[in-house]
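# Topology and contacts: notes
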Amino acid sequence: MAMILDALPVNPSYMTRWDPRWKIAAFSITAAIVAFCHSDVSLLSAWLGLSLVLAASRLDWVFVFRRSVYFVAYLTPFVALTLISSFAGTEKLPFRFVLRAIVLFMLAALFVATTRFADVTKALASLGLPRFLIHLLAMCHRFIYLIAEEGQRCELAMRVRGLRATQWHRVSKTYSYVLAALILRAEERAERVATAMQCRGFHGAYRTLAQFHTRSSDVVYFFLFVGVGVLAVAVDWSR
Amino acid sequence: MNAGDDTLIRLCDLTFAYRNNPPVFEHLNLEVAAGESLGIVGPNGAGKTTLLLCLAGVLPVRKGCIQIAGLDPSTPTDRRRLPAHVGIVFQNSDDQIIHGTVAEDIAFGPLNLGWPDGKVREAVQEVMRRLGLQGLDDRPPHQLSGGEKRRTALAGVLAMQPDILLLDEPSMFLDPKARRELMQHLNQIGQTKLIAGHDLDLVLQTCQRTVLLASGRIQADGPTSEILANARLLEPLGLEVPYRLR
């Protein structure tokens, strides 16, 4: 089953080789900077800069575009607002919102596409994120697929037994039953998973095979990434 | 365990009941020698899984005693040491595979045991080679077939190099080819094995000795070929003599 969270097939590039700890730090700071940009010029510059980085990262564009569908659906009302406001000649707020969201989506897509999930969790652990949160993140990433698969099986079972989308009352009632069943099954599964983890010697520590080595290029990329962003926001706020 | 005694598992007068329920089994006495493969068969609700969970220290034992690999699962100190000696493979592999990739998941147990990274990597590669999982290192679990998931779950336990392996319904959800491959792998494992399940043909091909658990008691204990050929013993319990013994 392919899902939006599936790892993207990615070609080797400087982005894939970048130490995940430095990458997380650079991306987090850049995301914060983008959130603080308040002019069209700085946001457009960020979009342009990131587009160049994306192009150099050798991503598989088909996969990126497939995942963009959900994001575009989310953005549609804001794009509509932008169009309305541009025709009315009023505030440009929706346009900036759309632009900022696109830049943040590009950052997230770039990060997800070029970093293995096991490396992300290990990097977060070495950056000092609480173990509880890392376990939670790792478990969500692992089991969301299983719960989605169970949901799909339930939906199929309903359809083959004659449930039609037009029967609104029955559909909503049945879906609420299915949701309740899924929550109960997830709870039972959580118990079994916890037991299995204990049987494999788990006592709360987060350990993985991922190993990181900081090279000088990692630091250079970090300062380049963050430096350009800081410069843009500084220019932005000085005007 | 006494010196010179090769008994690796000893149950004495073991009784277990879930809270507010009648006992699942009562007064079980059983000994399993090092290197032995023991099949545990019986109808649904006979207590096969419960027995394995008691042995693995998951369920607390209040009546009777268990000695397993020289440890007593009822004491917290020994229970903490159990995972290094006793590995359990659960019915549903999806409950057991918890990491995002095959290699990371297999490494989970050895890393928890505090092994150095180099040793863990060696153990992971070795067990992946043995179970035919090469090339699947970075594969996410939801992209594995049923047989691959089962082998990954087994590999995750074997990588910890336990003295005793407990397998609960190992052939569940497997197609005939994956089941056949699993049997081959199980026969290559030298550790003491306890295999619980309804798949009598698998038990016949992987275990020298079998116990029949029913109505909370051990109804029969002996060579697998004799127990599983006894239709008068099996049929009242809803079990059937395997095809190759008919």
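Residues numbered from 1 in each chain as written. Chains lettered and ligands numbered in written order. Predicted model: local features only at pLDDT ≥ 70, side-chain atom pairs only at ≥ 80, totals over all residues. Heavy atoms only, no water.

## Description of the state of the cysteines
All names here are of chain B. Scanning all chains against the criterion turns up 1 disulfide over all chains. Shown here is the disulfide that connects Cys 12 with Cys 65, its sulfur atoms set 2.0 Å apart. Between Cys 12 and Cys 65, the S-S dihedral sits near -50°, and the bridge is therefore left-handed. Highlighted residues: Cys 12 in strand β1 (residues 7-17) and Cys 65 in strand β4 (residues 63-68), separated in sequence by 53 residues. Residue Cys 12 is classed as partly exposed on the basis of its relative accessible area of 27%. Exposure remark for Cys 65: the relative accessible area of 30% places this residue in the partly exposed category. (Disulfide = S-S within 2.5 Å. Helix = DSSP H or I, 4+ residues; strand = E, 2+ residues; numbered from the N terminus. Buried < 20%, exposed > 50% of the residue type's maximum accessible area, 1.4 Å probe, protein only.)

## Quick notes on the confidence of the model for chain A
Chain-level pLDDT for chain A is 82 on average; 93% of the residues reach the 70-or-more range. Taken element by element, the predicted model of chain A shows its lowest mean pLDDT in helix α4 (residues 61-88) of chain A (75) and its highest in helix α2 (residues 20-36) of chain A (90). (pLDDT = per-residue confidence, 0-100.)

## Overview of the pairing of strand β3 (residues 37-41) of chain B
All names here are of chain B. For β3, the buried fraction is high: 5 of the 5 residues fall into the buried class. Of the pairings in the sheet, the one linking β3 to strand β8 (residues 209-214) comprises 4 bridges and is parallel in character. Its bridge partner being in β8, Leu 38 is matched across the sheet by Arg 209. (Pairing = 2+ DSSP bridges.)

## Quick notes on the confidence of the model for chain B
All names here are of chain B. Taken residue by residue, chain B gives an average pLDDT of 91. The fraction at 70 or more is 98%. Ranking the elements of chain B by mean pLDDT puts helix α6 (residues 176-188) last with 89 and β3 first with 96. Taken over the whole predicted complex, pTM reads 0.82, whereas the ipTM for its chain interfaces reads 0.88.

## As for the sheet that holds strand β2 (residues 23-33) of chain B
The strands making up a sheet associate through hydrogen bonds between their backbones, and the pairing can be parallel or antiparallel. All names here are of chain B. Within the open sheet, the 3 strands sit side by side as β2-β1-β4. Their pairing is antiparallel. Because the sheet does not close on itself, it has two edges, and the strands there are β2 and β4. For this sheet the average axis-to-axis angle between neighbouring strands, irrespective of direction, equals 15°. Against the sheet, helix α1 (residues 48-55) engages β1, β2 and β4, with an angle of about 120° to β1. (Axes fitted to C-alpha atoms, helices over the stretch in contact; angles between N-to-C directions. Contact = heavy atoms within 4.5 Å.)

## Brief notes about the interface of chain B and chain A
Contacts between the two partners involve 33 residues from chain B, matched on the other side by 29 residues from chain A. Between chain B and chain A the total buried area reaches about 2800 Å² when both faces are included, carbon and sulfur atoms providing 54% of it. In this assembly, chain B and chain A are joined by 5 salt bridges. Between A:Arg116 and B:Asp138 there is a salt bridge whose closest N-O contact spans 3.4 Å. Counting across the interface, chain B meets chain A through 12 residue pairs in polar contact (both at pLDDT 80 or more). Here the residues of the side of chain B that touches chain A sort into 16 nonpolar, 9 polar and 8 charged. (Buried area = accessible area lost by both parts, 1.4 Å probe. Salt bridge = Lys/Arg side-chain N within 4 Å of Asp/Glu carboxyl O. Polar contact = N/O pair within 3.5 Å; in protein donor to acceptor, adjacent residues only side chain to side chain. Nonpolar A, V, L, I, M, F, W, Y, C, P; charged D, E, K, R; others polar.)

## Overview of the sheet that holds strand β6 (residues 164-168) of chain B
All names here are of chain B. Read across the open sheet, the 6 strands follow the order β5-β6-β7-β3-β8-β9; overall the sheet is mixed. The sheet terminates laterally at β5 (86-89) and β9 (217-223), the two strands that pair on one side only. Averaged over all adjacent pairs, the angle separating strand axes in this sheet is 15°, with direction ignored.

## Section: a nonpolar patch on the surface
Residues and elements named next belong to chain A. A surface patch of nonpolar side chains, about 350 Å² in accessible area, is lined by Leu 44, Trp 47, Leu 48 and Phe 95. Note on placement: Trp 47 falls in helix α3 (residues 40-56). According to the relative accessible area criterion, Trp 47 is partly exposed, its value standing at 35%. (Patch = residues over 30% accessible without salt bridge, like charges linked within 9 Å, V, L, I, M, F, W, Y side chains within 5 Å. Areas by Shrake-Rupley, 256 points an atom, 1.4 Å probe, with all protein chains shown as cover.)

## Quick notes on the environment of B:Ser215
Looking at the element boundaries, B:Ser215 is found in the loop between β8 and β9. Given the relative accessible area of 67%, B:Ser215 is considered exposed.

## Here we look at the packing of aromatic side chains
Residues and elements named next belong to chain A. Throughout the structure, instances matching the rule amount to 11 aromatic pairs over all chains. Centre to centre, the rings of Trp 18 and Phe 225 are 5.6 Å apart; their planes meet at 65°, and the pair counts as edge-to-face. Separated by 207 residues along the polypeptide, Trp 18 in the loop between α1 (14-17) and α2 and Phe 225 in helix α9 (residues 216-238) bring together distant segments of the chain. The same class applies to Trp 18 and to Phe 225, which are both buried. (Phe/Tyr/Trp six-rings, centres within 6.5 Å; stacked < 30°, edge-to-face > 60°.)

## Section: unusual backbone geometry
Residues and elements named next belong to chain B. Here Asn 20, not a glycine, exhibits a phi torsion of approximately 60°, which is positive. Among the secondary structure elements, Asn 20 is positioned in the loop between β1 and β2. On the basis of relative accessible area, Asn 20 is assigned to the exposed category, the value being 76%. A positive phi angle is found at Gln 161, which is not glycine, with a value near 50°. Within the element layout of this structure, Gln 161 appears in the loop between α5 (146-158) and β6.

## Regarding the nonpolar core
Residues and elements named next belong to chain B. The biggest cluster of nonpolar side chains holds 45 residues, and the ones touching the most others in it are Ile 106, Leu 154 and Leu 186. The residues touching Leu 154, leaving out its near neighbours within four places in the chain, are Val 89, Leu 131, Leu 165, Leu 167, Leu 182, Leu 186 and Ile 189. In this structure, Leu 14, Leu 30, Leu 55 and Leu 213 belong to the second largest nonpolar core, which totals 37 residues. (Core = buried A, V, L, I, M, F, W, Y, C linked by side-chain atoms within 4.5 Å.)

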